[in-house]
Structures are given as structure tokens and as C-alpha cells.
Amino acid sequence: MKTKLTTRVSEAAKAILAGNLVAFPTETVYGLGANAFDERAVKKIFVAKGRPADNPLIVHIWSKKQIAEIASEVSPVAKKLVYKCFPGQLTVVVKKNARIPNIVTAGLPTVCIRMPSLPIACAFLKQCGVPVAAPSANLSSKPSPTTWQHVLHDMDGRIPLILKGPKCEHGLESTVIDCTKKIPVLLRPGAVTVEELEEVVGRINIPIAIKKALSPGMKYRHYSPNGKVHLMKRGAKIPFNCAFIGFSNPKTAYKIKVKTAAEYAKKLYWFFRECDLRGIENIYAEIPEKKGVGRALLNRLEKAMAR
Ligand code: TXA
Ligand code: MG
């Protein structure tokens, strides 16, 4: 299969409605989309990514009105979060309705819904008209793509079309929160911080071992470069013959120095992929503070370390 690149939203939407896959940009990471109502189209996502069938997908919308086409019940907590945080980098888990095929939710009675804010993503989803099921557009276990070039690297020959957009502003995936419980549960820390969520809904439950977490996808090896990832304290000494990302400025062959946790998040996956291209075997990442976006960063770094 030849993979085509386009900047035309109408061409991308047409492909979705014809039952094909399209990779598209969002402000978090690039997604690999299919018509969420079309079981055969959604199946292609799992094949293209090599994704285990028990890992459910996020359904993307451009208008809050579409939630009624996807969910059978929207709890008061979910309503509050949708009102305050959609469009944006938040994904809510609600009860699914019968129109959403089981393959989208891996058989779960619940479904993940997200409304991205990136204008080209909104325009694409609007032209599709149908909700679009999409995981991140990387090969399974690789870091999520934050540029269309990353998508092409992983998916060339495996999907028919990539909608080209800008480099992703956030660079880490959305925050996933289960709103089917009385007190919402954080399933995946992400671009929207716990502090921001608590401002909207009061208390939220954060499982102690978010590593073992409840979101089915979190049990798989994830976000990993080929090299070995080591976590290190700020300012610690590291070997010269390796790569580094963090706030300090060690003497080493390849490094990315960042000023803020947001910049760290934005550049992390890009850095991992760059390390792979350079064949770097040992990758040192400075431990961020476990607050704000640092929580999501730490989560991804710990997963990237796991072998
Ligand atoms: O920022 C993002 O969220 C990106 C862009 C493309 O929107 N998408 C993304 O999708 O990161 P993916 O498939 O890589 O991650 C979705 C996560 C997985 O951990 C999956 O297990 C979880 O959401 N998930 C999906 N449906 C679920 C459900 N019904 N209950 C619990 N977790 C669910
Ligand atoms: Mg993913």
C-alpha cells in the first residue's frame, strides 16, 4: 500500500467515510482514525498498529452534540468536565451506547470520548460528520508521534493517508479520567493536570500504582525508544557516550536541555525517536517534579524504562 500525504481536510474526511484509515494531527499527539461506527474500518487500526485487541480506542468528536451518539449515560461529573474542558486535552470515560461497536471499546461497557482543540483536527472531524475512533498513530509500543514525519516513519506502507498538520503543541497524550464512578478516577495522567481537574470536580481518585492502572492500555510496554532509559536525579553525573534530556546541562554526546516541564513534555517523544535514529544505547532522563504536567511526564518515563 502506498501512503499518501495531504493537507486537504476534505480528502481526509472522504477517506474516513469510505471506510479507510487516516492519520491526523491533534494538539497532543497524532491519531490514527477510522469511522467509529464502522467495525471493519476500526479493525484496520489494530492491524496497522499491531495493537492488542484488548486495548480500547478513544472516540474523537468536534461537537459536544455528538456525545449523545456515543454515550448511553453521561454522569454529572462527566457533564462538568465536558463543559469546562472540551475542546482540549481531556478524555472522559462514560457508558457506551449500542451504536459503538464492541471492537472500539475492546468489549468494555464504557467508551472514551475526546474533543481535540487543534483547528485542523476540528475541521477534519466536522467534515467526517461521524465520530472517529483513534489511538495514537505510532506502531504499538513506540513513542506517540508528534510530527507527521514520525507518523510516516512508523506507518509508511501500512495506511493509505496522512493528513499533514503542525508539530504537536503538547507532545504528551490526553489525560484519561473515568467518570462512571461517583468520585472520578484518573486512568492516565496527561496534558490536563490533576490540579486543573480538581478545580472543576473537587476530589479525584488517583490510583497509587497508576503504573498498574485501570486503563487497559497502561499494562503494555509503551512509549519506548530502542535504547535503555535511565531516570536520574537533577544534576547527577552521567557517561559521555549517551543521550540526555532534562533541566541541567551535563557533558554528554547528545542532549536536550529544557526550561520547563511543559517544554520537557513537548520534546520527550521527539527526543526518544531522535535517540533511535542515532542508535543511542543509553538514555538519561532527569526526574521531573511530580506536579502539574510533571506527573504525566514521570508516568511516561517510568513506562519507557520498563522492559
Ligand atoms: O491524546 C490522546 O489521547 C491521543 C490523541 C490521538 O487523541 N490518543 C491516544 O490514544 O493516546 P491511545 O489509544 O494511544 O490511548 C488511549 C488510552 C489507552 O490507554 C486505552 O487503554 C484507554 O485510553 N482507554 C480507551 N478506552 C477506554 C475505556 N473504555 N476505559 C478505560 N480506558 C480506556
Ligand atoms: Mg498510544
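Procedures and definitions
- Residues numbered from 1 in each chain as written.
- Chains lettered and ligands numbered in written order.
- Predicted model: local features only at pLDDT ≥ 70, side-chain atom pairs only at ≥ 80, totals over all residues.
- Heavy atoms only, no water.
- Helix = DSSP H or I, 4+ residues; strand = E, 2+ residues; numbered from the N terminus.
- Rg over C-alpha atoms; globule rule 2.2 N^0.38 Å.
- Contact = heavy atoms within 4.5 Å.
- Areas by Shrake-Rupley, 256 points an atom, 1.4 Å probe, with all protein chains shown as cover.
- Lys, Arg positive; Asp, Glu negative; His and termini not counted.
- Charge placed at Lys NZ, Arg CZ, Asp CG, Glu CD.
- Axes fitted to C-alpha atoms, helices over the stretch in contact; angles between N-to-C directions.
- Parallel < 35°, antiparallel > 145°, perpendicular 65-115°, else oblique.
- Left-handed = near helix turned anticlockwise from the far one by under 90°.
- Nonpolar A, V, L, I, M, F, W, Y, C, P; charged D, E, K, R; others polar.
- Core = buried A, V, L, I, M, F, W, Y, C linked by side-chain atoms within 4.5 Å.
- Buried < 20%, exposed > 50% of the residue type's maximum accessible area, 1.4 Å probe, protein only.

Any chance you could break down the overall build of the protein for me, citing the residues and the numbers?
A count of helices and strands for the protein gives 10 helices and 15 strands. For the protein, the C-alpha radius of gyration of 19 Å lies close to 19 Å, the compact-globule estimate for 307 residues. Principal-axis analysis of the C-alpha atoms gives the protein an extent of 55 × 50 × 30 Å. In the protein, 68% of the contacts between residues at least 6 apart in sequence involve partners at least 24 apart. Total accessible area computed for the protein in this model is approximately 13500 Å², and 55% of it derives from carbon and sulfur atoms. Distance from the positive charge centre (49 side chains) to the negative charge centre (23 side chains) of the protein: 1 Å.

I'd like a description of the environment of Val77, backed by residues and values.
Among the secondary structure elements, Val77 is positioned in helix α4 (residues 76-85). In contact with Val77, other than residues within four places in its own chain, are Cys179, Lys182, Pro184 and Val201.

Go over the packing of helix α7 (residues 148-155) against helix α9 (residues 261-277) with me, naming the residues and quoting the values.
Where α7 meets α9, the closest approach of the two axes is 12 Å, and the angle between their N-to-C directions is 50°. In terms of orientation, α7 and α9 fall into the oblique class. In this structure, the crossing between α7 and α9 has a hand that is left-handed. Between α7 and α9, the contacting residues are His150, His153 and Asp154 on the first element and Trp270, Arg273 and Leu277 on the second. When the residues that make up the contact of α7 with α9 are grouped by side-chain class, the tally is 2 nonpolar, 2 polar and 2 charged.

Could you give me a rundown of the nonpolar core, with the residues and numbers involved?
Judged by nonpolar contacts, the single largest core of 49 residues is most densely connected at Leu32, Leu81, Val92, Ile113 and Ile159. Not counting chain neighbours up to four residues away, the residues in contact with Ile113 comprise Ile58, Val59, Ile61, Ile67, Ile70, Ala71, Phe86, Leu90, Thr91, Val92 and Val94. Membership of the second largest hydrophobic core comes to 25 residues, among which are Ile256, Phe271, Ala285 and Val293.

Describe the packing of α9 against helix α10 (residues 294-305), listing the residues and the values that go with them.
At a closest axis distance of 9 Å, the pairing of α9 and α10 adopts a crossing angle of 25°. By the angle between their directions, the pair α9 and α10 is classed as roughly parallel. Relative to α10, α9 is oriented so that their crossing is left-handed. Judged by residue contacts, Ala261, Tyr264, Ala265, Leu268, Tyr269 and Phe272 of α9 engage Gly294, Leu297, Arg300, Leu301 and Ala304 from α10. For the contact of α9 with α10, the residue count by class is 9 nonpolar, 1 polar and 1 charged.

Function-wise, these values are silent; they only describe arrangement.
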